[in-house]
Amino acid sequence: MKTILHVDMDAFYASVEMARDASLAHIPMFVGGSARGVVLSANYPARVYGITAGMPSTRARRLCPQVAVVHPDFDHYTEVSKAVAEVFDTLTDRVEMASIDEAFIDLTSALRRLGGDAAAVAEGVRAQVMDEQGIACSVGIGPSKFIAKLASKAAKPDGLKVVHPDDVISFLHPLPVDAIWGVGEVTAEKLHRLGLMTVRDIANTPRTTLQRAMGEGQGGLLFDLAWGQDERSVLAREPAERSIGSQETFGRDTDDEEVVATEILRMAARTASRMRAQAMVGRVVTLSVRFADFTTITRTGTLKAPTDLTGDIHSEAMRLWRKLHLSRARIRRVGVRVEKLASKDDTYTQPALDEPRCGWEQAEQAVDQAVLRFGPAAVQRARLTRRGTRAPVG
């Protein structure tokens, strides 16, 4: 039996903007055009007024004249989406990004390694996405993509819903017909004319009757889905360049070198953790710095030996940072990436004669296990726990 997660970012564009500007969190706002165009994403206070995605902006402003309008920043949304996908990649290579703000994750073969509790893994994902990006996501768990997607919808906003195989029918059958994947207004109206209002109604209609009324292909698919039968596999993404990294956009541009240095440590730790989760090591470390005027520079260094340890990656990233000799420059974003990766199993590192039998490698493996079980803040380096050293948000 498969274990599939469907992760759906709640009001994605709006959530990203609220993470950048906390003042938008408790007022009605939407992302889109102010006078022309449509609403791309609305936060939940705006939805109270009936504002929804796809609505003309002019109508949204009539429904709520005081609504705040934020023009979209698609480059930033893409960056956040890629960062969230890197969180998913630490679980398994069976990840399908269905869109910029949703993904299917097949945990079937990875679940034992992750502790055996799919709900705990899902809560860990939700906590990590919130911790790293400041946005909420809803997660559905089911034995198929179809059920997992319906479960994530039922979990909104900012929730988790598990549908066990034995509960599929009781969960599915009370739903309206338009809950079925691919049933839009036209198809729903046609089903209603046939007297079919719920998924149970479709399930209790003979397949041949549905095929005569809806067409052989669509009628058969509706019947199968009404009984929770969905054999589609998660389509794993084609691997991109062999690199793993992390980046953080400051809520306010900063020229505080201590804040930047702390964030470089945080990015190094996050990158190293992701490398260990995928059993990869690398020698090439790249530091990226984006300034307040959006100018971006990168600097690259090569380590003596492949590594997946935070200290090694952080030391090289800081060496690259110090070589920039920046003085009071306003920094918008920093990132740390390790490139030209190789499988740890295929890489040999000559141990030093004075190297202890147990060292940082074992310590960081223990930290990874604690974080996996208790969440991203379970164990951190002391510098990352100090007040005032976190990247400012809002």
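Heads up: the structure comes first, above all this text.
Residues numbered from 1 in each chain as written. Predicted model: local features only at pLDDT ≥ 70, side-chain atom pairs only at ≥ 80, totals over all residues. Heavy atoms only, no water.

Asks: Before we move on, can you summarise the sheet that holds strand β3 (residues 39–42) with the specific residues and values?
Replies: Strand order in the open sheet formed by three strands is β3-β2-β4, with mixed pairing between adjacent strands. Only two strands of the sheet have a single partner each, and these edge strands are β3 and β4 (68–70). Strand-to-strand twist across the sheet, computed as the mean angle between neighbouring axes with direction ignored, equals 30°. Examined bridge by bridge, strand β2 (residues 29–32) and β4 share three bridges and lie parallel to one another. Among the inter-strand pairings, M29 is bridged to a residue of β4, identified as A68. (Pairing = 2+ DSSP bridges. Helix = DSSP H or I, 4+ residues; strand = E, 2+ residues; numbered from the N terminus. Axes fitted to C-alpha atoms, helices over the stretch in contact; angles between N-to-C directions.)

Asks: Talk me through the packing of helix α10 (residues 207–214) against helix α11 (residues 216–226); I want residue IDs and the actual numbers.
Replies: At a closest axis distance of 7 Å, the pairing of α10 and α11 adopts a crossing angle of 140°. Accordingly, the angle class assigned to the pair α10 and α11 is oblique. Crossing of α10 against α11: the hand is right-handed. Along its contact with α10, which presents R207, L210, Q211 and M214, the element α11 presents E216, Q218, G219, G220, L222, F223 and D224. In terms of residue class, the contact of α10 with α11 is made up of four nonpolar, four polar and three charged. (Parallel < 35°, antiparallel > 145°, perpendicular 65-115°, else oblique. Left-handed = near helix turned anticlockwise from the far one by under 90°. Contact = heavy atoms within 4.5 Å. Nonpolar A, V, L, I, M, F, W, Y, C, P; charged D, E, K, R; others polar.)

Asks: Provide a residue-level description of the packing of aromatic side chains, including the pertinent values.
Replies: Under the criterion given, the structure shown has six aromatic pairs. Ring geometry for F74 against Y77: centres 5.9 Å apart, planes inclined by 90°, an arrangement best described as edge-to-face. Placement of both F74 and Y77 in helix α4 (residues 74–89) is noted, with a separation of three residues, approximately one turn of the helix. Between the aromatic rings of F104 and W181, the centroid separation amounts to 5.9 Å while the plane-to-plane angle is 40°, which identifies the pairing as tilted. (Phe/Tyr/Trp six-rings, centres within 6.5 Å; stacked < 30°, edge-to-face > 60°.)

Asks: If you had to explain a nonpolar patch on the surface to someone new, which residues and values would you point to?
Replies: On the surface, V38, L40 and F74 cluster together into a nonpolar patch covering about 230 Å² of accessible area. Its place among the elements puts L40 in strand β3. The class of L40 is partly exposed, set by a relative accessible area of 32%. (Patch = residues over 30% accessible without salt bridge, like charges linked within 9 Å, V, L, I, M, F, W, Y side chains within 5 Å. Areas by Shrake-Rupley, 256 points an atom, 1.4 Å probe, with all protein chains shown as cover. Salt bridge = Lys/Arg side-chain N within 4 Å of Asp/Glu carboxyl O. Buried < 20%, exposed > 50% of the residue type's maximum accessible area, 1.4 Å probe, protein only.)

Asks: Could you give me a rundown of α4, with the residues and numbers involved?
Replies: For α4, with 16 residues, the first-to-last C-alpha span of 22 Å sits near the 22 Å given by 1.5 Å per residue. Every buried residue of α4 is accounted for by H76, Y77, E79, V80, S81, A83, V84, A85, E86, V87 and F88. (Expected span 1.5 Å × (residues − 1).)

Asks: Residues and numbers for unusual backbone geometry, please.
Replies: With an omega dihedral of -5°, the bond running from K156 to P157 counts as a cis peptide bond. Structurally, the position occupied by P157 is in the loop between α6 (145–155) and β8 (160–162). Even without being glycine, D158 reaches a positive phi, approximately 55°. Along the chain, D158 falls in the loop between α6 and β8. Residue D158 is classed as partly exposed on the basis of its relative accessible area, which comes to 41%. A positive phi angle, near 55°, is found at A279, a position not held by glycine. Mapping A279 onto the fold places it in the loop between α12 (257–277) and β10 (280–291).

Asks: Describe helix α8 (residues 185–193), naming the residues involved and giving the relevant values.
Replies: For α8, the full list of buried residues reads T187, A188 and L191. All buried residues of α8 lie within an arc of 100° about the axis, which places them on one face of the element. Away from its buried face, by an angle of more than 90 degrees, α8 presents the exposed residues E185, V186 and R193. In this structure, the buried side of α8 is in contact with α9 (199–203), α10 and α11. Of the residues trailing α8, G195 is marked for its positive phi of about 85°. (Arc of directions from axis to C-beta.)

Bear in mind that shape data such as this cannot, by itself, settle questions of function.
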